[in-house]
Amino acid sequence: MEMNQEFHVTFFEADSGRIRTEVFDTSAAAERFMSRCLSCEDDWATIDAVTIRQQQAAA
């Protein structure tokens, strides 16, 4: 069983009052997205590294 990681950016948009989550393959992409989410002082965002398991197909 192969182990991989994905990165979940959870963020709050003060303008809309909504909390959303986006998923990225790399931490760099998640960090770039997170920095764009913080447009006013009431916005916030977090990045969580999530381990995912993938079944390998039998040959």
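Notes on the structure follow. Residue numbers run consecutively from 1 along every chain, following the written order of its sequence. In keeping with the predicted nature of the model, local features appear solely for residues at pLDDT of at least 70, side-chain atom pairs appear and are counted solely at 80 or more, and the whole-chain, interface and lining totals rest on all residues. Only hydrogens and water are set aside when side-chain values are computed; all heavy atoms of the structure are taken into account.

With that settled, the discussion passes to the overall build of the chain. Put simply, DSSP H or I for four residues or longer makes a helix, DSSP E for two residues or longer makes a strand, and each gets a number counted from the N terminus. Summing up its helical and strand segments, the chain has one helix and three strands in all. Reading the chain from its N terminus to its C terminus gives the helix and strand order β-β-α-β. Contacts are residue-level and defined by heavy atoms, with any inter-residue pair within 4.5 Å sufficient. A sequence separation of at least 24 residues applies to 54% of the contacts in the chain between residues at least 6 apart. Per-residue accessibility takes into account occlusion by the displayed protein chains alone, with areas from the Shrake-Rupley method and a 1.4 Å probe. Surface exposure of the chain reaches about 4,500 Å², of which carbon and sulfur atoms provide 46%.

A separate point is the side chain of Glu6. Relative to the helices and strands, Glu6 is located in strand E1 (residues 2–13). Separated by 2.8 Å, the side chains of Glu6 and His8 make a polar contact. Residues contacting Glu6, with those up to four places away along its chain left out, are Val23, Phe24, Asp48, Ala49, Val50 and Ile52. Here a polar contact is taken to be a pair of N or O atoms separated by no more than 3.5 Å, where protein atoms must pair a possible hydrogen donor with a possible acceptor and residues adjacent in sequence count only if both atoms sit in side chains.

Our focus in this paragraph is the packing of aromatic side chains. Between the rings of Phe, Tyr and Trp (Trp by its six-membered ring), a pair exists once the centres lie within 6.5 Å; its type follows the angle of the planes, with under 30 degrees stacked, over 60 edge-to-face, and the other angles tilted. In total, this model carries three aromatic pairs according to the counting rule given. On the basis of an interplanar angle of 70° and a centroid distance of 5.3 Å, the ring pair of Phe11 and Phe33 is categorised as edge-to-face. Of this pair, Phe11 sits in strand E1 while Phe33 sits in helix H1 (residues 27–37), placing them 22 residues apart in sequence. Exposure classes here rest on a 1.4 Å probe applied to the protein chains alone. A residue is buried below 20% of its type maximum, exposed above 50%, and partly exposed in between. For Phe11, a relative accessible area of 2% translates into the label buried. Relative to Phe33, the ring of Phe24 lies with its centre 5.1 Å away and its plane at 40°, an arrangement referred to as tilted. The exposure classification of Phe24 matches that of Phe33, with both residues buried. Connected via pairs of aromatic rings, a cluster forms that spans Phe11, Phe24 and Phe33.

Let's shift gears to the pattern of salt bridges. We define a salt bridge as a side-chain nitrogen of Lys or Arg found within 4 Å of a carboxyl oxygen belonging to Asp or Glu. One pass over the full model with this rule turns up two salt bridges. Between Arg20 and Glu13 there is a salt bridge, with the nearest N and O atoms lying 3.5 Å from each other. Arg20 is the salt-bridge partner of Glu22, the closest N and O atoms lying 3.3 Å from each other. Its relative accessible area of 32% is what places Arg20 among the partly exposed residues.

Geometric descriptors of this kind do not, in isolation, establish any biological role.
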